Amino acid sequence: MTLAWRHLPRTLRETSSPRIRKKCPSLSVGAFWTSITKLHTKPRMPPCDFTPERYQSLTYDRVLEIHKQHLSPVLTSYFSEPLLLHQGHMEWLFDYEGNRYLDFFSGIVTVGVGHCHPKVNAVAQKQLGRLWHTSSLFFHPSIHEYAEKLSALLPEPLKVIFFVNSGSEANDLAMLMARAHSDCCQAKDQYIEQFKDTLNTSVAKSIAGFFAEPIQGVNGFVQYPKGFLKEAFALVREQGGVCIADEVQTGFGRLGSHFWGFQTHGVLPDIVSMAKGIANGFPMAAVVTTPEIAKSLAKSLSYFSTFGGNPMACAIGSAVLEVIKEENLQENSQEVGTHMLLKLANLRDEFEIVGDVRGKGLMIGIEMVKDKMSRQPLPREEVNQIHEDCKRMGLLIGRGGIFSQTFRIAPPMCITKPEVDFAVEVFRSALIQHMERKAK
């Protein structure tokens with residue numbers, strides 16, 4: 001099913017959309033806006049064409065109780081009152097009370113083609129009734145069909161694929177490959193700032209490999225200086241190491257200009273790890289390498305993944321690739337992402353506490369500072385307040401950086417310009433409220 005209608009102007013879509021438009025519940029925030037300056041109007045949430053099912057599961061208090069008693073005590077949830085989500089549709093999420101939110105973080109940069117995309121859902125349901133799991137001890141067509149599609153998207157000689165289940169597992173395997181191929185496992189303890197000095201003074205004379213995200217994800221969507229990765233890869237190879245591109249967050253067209261992040265740097269890695277957007281939220285990952293490195297791993301150990309490349313994962317992965325192509329989502333990432341970056345750059349000029357706006361495609365970081373002169377991180381409690389205000393107005397964004405001072409924006413690639421305009425206006429309103437609190 002092609003959702004080309006999503007790219008029509010909204011006025012045309014209301015009359016020509018193949019789906020019946022239903023009224024979406026919206027977040028009631030009228031009382032919350034009583035303190036806002038009269039010169040500012042409440043951002044109006046764009047419409048959507050989906051109505052969520054009625055929530056009929058655990059009460060909110062019971063969820064909190066179970067979480068406290070039985071789940072990890074490590075604090076991972078956002079917001080003082082954690083959000084209990086119930087259903088998703090494309091770029092929208094709905095909580096247990098039916099409130100609607102524009103998702104600008106995509107399950108930590110994972111839902112690439114949209115929540116519960118109709119085509120991906122249909123393929124998953126069909127495969128679910130046919131075959132779930134066999135292990136790689138037996139052949140099934142899904143893994144071979146998907147391997148052929150995925151390998152066609154990577155340059156030579158990156159053509160040998162190992163399927164696993166998560167980004168962490170993919171990077172662990174990439175490290176094993178590097179060590180097996182370079183026959184090197186040792187490193188010293190010291191580390192210093194400059195990369196070249198690190199290689200000369202802080203590691204063994206021969207190194208196994210070097211990992212690099214094309215854009216640093218958890219650190220707050222930080223970009224490298226131009227030409228850095230090209231020089232770094234050359235230095236690594238001079239010392240016998242292999243170069244590994246971590247595409248867990250940047251791959252599958254999210255950066256817009258290229259399908260893979262490493263292509264934006266003009267480099268060719270020896271190994272590529274990928275996950276998250278590979279299957280739109282279904283547990284799947286892969287490591288792609290050269291035949292030569294794959295043979296080195298095979299000589300070193302008998303690697304095996306029980307669930308890697310299972311029929312369900314590969315069927316869903318194939319559907320995701322088809323949707324990205326059919327709906328021009330890479331191109332949409334470029335066009336809408338550039339629009340959003342320019343809009344957010346205006347906020348950097350308007351507000352002293354917006355220290356930096358950076359990124360590429362639909363992967364943008366907004367770094368919050370005390371002031372542009374000192375560039376000291378905005379205190380966490382103040383960033384938390386801005387984050388909470390965005391949620392109250394119906395916008396979900398992520399966090400990153402050493403001090404959690406950077407807002408990470410990475411919506412599903414099906415996002416539209418009107419929805420970006422709404423998100424930017426919500427964020428601007430949250431900044432205005434913050435400045436009003438500071439002035440009191």
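For every chain, the first residue of its written sequence is number 1, and the numbers climb from 1 along that sequence. Side-chain atom pairs in this predicted model are given and counted only at pLDDT of 80 or more, local residue features only at pLDDT of at least 70, and totals for whole chains, interfaces and linings cover all residues. Processing note: side-chain calculations cover all non-hydrogen atoms of the structure and skip hydrogens and water entirely.

Caption draft 1: Spatial organisation of the overall build of the protein. Within the protein, the secondary structure is distributed over 13 helices and 15 strands. Here the term buried applies to any residue with accessible area under 20% of the maximum for its type, exposed to any over 50%, and partly exposed to those in between, with areas from a 1.4 Å probe on protein chains only. Counting only residues that meet the buried cut, the protein has 52% of its 440 residues in that class. To measure how exposed things are, a 1.4 Å probe is used in the Shrake-Rupley method; for residues, cover is taken only from the protein chains shown. Within the structure as shown, the protein displays about 21500 Å² of accessible surface, and the carbon and sulfur contribution to it stands at 55%. Put simply, DSSP H or I for four residues or longer makes a helix, DSSP E for two residues or longer makes a strand, and each gets a number counted from the N terminus.

Caption draft 2: Layout of the environment of Gly220. On the secondary structure map, Gly220 appears in the loop between β6 (215-216) and β7 (222-223). Given a relative accessible area of 0%, Gly220 falls into the buried group. In this analysis, two residues are considered to be in contact whenever any of their non-hydrogen atoms come within 4.5 Å of each other. With residues up to four places along the chain from it excluded, the contact list for Gly220 reads Arg358, Gly365, Gly400, Gly401, Thr406 and Arg408.

Caption draft 3: Examining the nonpolar core more closely. Take the buried residues of types Ala, Val, Leu, Ile, Met, Phe, Trp, Tyr and Cys, join any two whose side-chain atoms come within 4.5 Å, and each joined set is a nonpolar core. Grouped together as the largest cluster of nonpolar side chains are 86 residues, with contacts concentrated most on Phe104, Leu150, Phe252, Met274, Met368 and Phe427. Grouped together as the second largest cluster of nonpolar side chains are 18 residues, Val164, Ala170, Ala174 and Ile244 included.

Caption draft 4: Quick peek at the packing of helix α5 (residues 141-151) against helix α10 (residues 311-326). The interhelical angle for the contact between α5 and α10, taken along N-to-C directions, is 35°, at an axis separation of 8 Å. The handedness of the crossing between α5 and α10 is left-handed. Where α5 abuts α10, its residues Ser142, Ile143, Glu145, Tyr146, Lys149 and Leu150 lie against Pro311, Cys314, Ala315, Gly317, Ser318, Leu321 and Glu322. Three classes are used: nonpolar for Ala, Val, Leu, Ile, Met, Phe, Trp, Tyr, Cys and Pro, charged for Asp, Glu, Lys and Arg, and polar for all others, with Gly counted as polar. In the contact of α5 with α10, the residues fall into 7 nonpolar, 3 polar and 3 charged. Lines fitted to the C-alpha atoms define the axes, with helices restricted to the stretch that makes contact. Angles between their N-to-C directions range from 0 to 180 degrees. Here is the rule for handedness: rotate from the far helix to the near one, and if that takes an anticlockwise turn smaller than a right angle the crossing is left-handed, while a clockwise turn gives right-handed.

Caption draft 5: Geometry of the sheet that holds strand β2 (residues 92-95). Spatially, the 4 strands line up as an open sheet ordered β1-β2-β3-β13, and their pairing is mixed. Either end of the sheet is taken by a strand with one partner, and the two such strands are β1 (85-89) and β13 (395-396). Following DSSP output, two strands are said to pair if at least two bridges run between them. Sheet analysis places β2 next to strand β3 (residues 100-103), joined by 3 bridges and oriented antiparallel. Bridge assignment links Phe94 to a residue of β3, and that residue is Arg100. Along the sheet, helix α13 (residues 417-439) makes contact with β2, β3 and β13, crossing β3 at roughly 100°.

Caption draft 6: The arrangement of the side chain of Glu247 in detail. Within the secondary structure, Glu247 sits in the loop between β8 (242-246) and β9 (271-274). Under the counting rule used here, the positive set is Lys and Arg, the negative set is Asp and Glu, and His together with the chain ends is not counted. Any carboxyl oxygen of Asp or Glu within 4 Å of a side-chain nitrogen of Lys or Arg constitutes a salt bridge here. One buried charged residue, Glu247, remains without a salt bridge, the closest side chain of opposite sign being Arg254 at 9.9 Å. Of note is the side chain of Glu247, whose polar atom sits 2.9 Å from the backbone nitrogen of Gly261. Once residues lying within four places of it in the same chain are set aside, the contact partners of Glu247 are Pro214, Trp260, Gly261, Phe262, Val272, Ser273 and Met274. Pairs of N or O atoms within 3.5 Å make up the polar contacts considered here, provided that, within protein, one atom can donate a hydrogen while the other can accept it, and that residues adjacent in sequence are counted only when both atoms are side-chain atoms.

Caption draft 7: Structural context of the pairing of β3. Burial along β3 is two-sided: the face carrying Arg100 and Leu102 and the face carrying Tyr101 and Asp103 are both buried. Where β2 folds back onto β3 in an antiparallel hairpin, the turn is made up of 4 residues, including Gly98, whose phi is positive at roughly 90°. Where β3 and β13 come together, 2 bridges link them in parallel fashion. Bridge assignment links Asp103 to a residue of β13, and that residue is Leu396.

Caption draft 8: The arrangement of a nonpolar patch on the surface in detail. A surface patch of nonpolar side chains, amounting to about 350 Å² of accessible area, comprises Leu137, Phe138 and Phe304. By the secondary structure assignment, Phe138 is in the loop between α4 (118-128) and α5. Residue classification places Phe138 among the exposed positions, given a relative accessible area of 53%. Each patch is built from residues that are more than 30% exposed by relative accessible area and take part in no salt bridge. Like charges join if they lie within 9 Å; nonpolar side chains (Val, Leu, Ile, Met, Phe, Trp, Tyr) join within 5 Å.

Caption draft 9: Representation of the packing of aromatic side chains. We call Phe, Tyr and Trp rings a pair once their centres come within 6.5 Å, taking the six-membered ring for Trp, and we label the pair stacked below 30 degrees between planes, edge-to-face above 60, and tilted otherwise. Enumeration according to the criterion identifies 11 aromatic pairs in this entry. Of the aromatic side chains, those joined through ring pairs into one cluster are Tyr55, Tyr60 and Tyr96. One residue, Arg100, lies across the ring of Trp92, its end atom 4.3 Å from the ring centre. Over a ring means this: the NZ of a Lys or the CZ of an Arg is within 6 Å of the ring centre and within 35 degrees of the ring normal. Of note, Lys391 hangs over the ring of Phe79, and the distance from its end group to the ring centre comes to 4.9 Å.

Caption draft 10: Fine view of the sheet that holds strand β11 (residues 354-360). With antiparallel pairing, the 4 strands of this open sheet are ordered in space as β11-β12-β15-β14. Pairing within the sheet leaves two strands with one partner each, and these edge strands are β11 and β14 (398-400). Shown here is a sheet whose adjacent strand axes are inclined to one another by a mean of 25°, direction ignored. Sheet analysis places β14 next to strand β15 (residues 406-409), joined by 3 bridges and oriented antiparallel. Looking at β15, one finds that Arg399 is bridged to Phe407.

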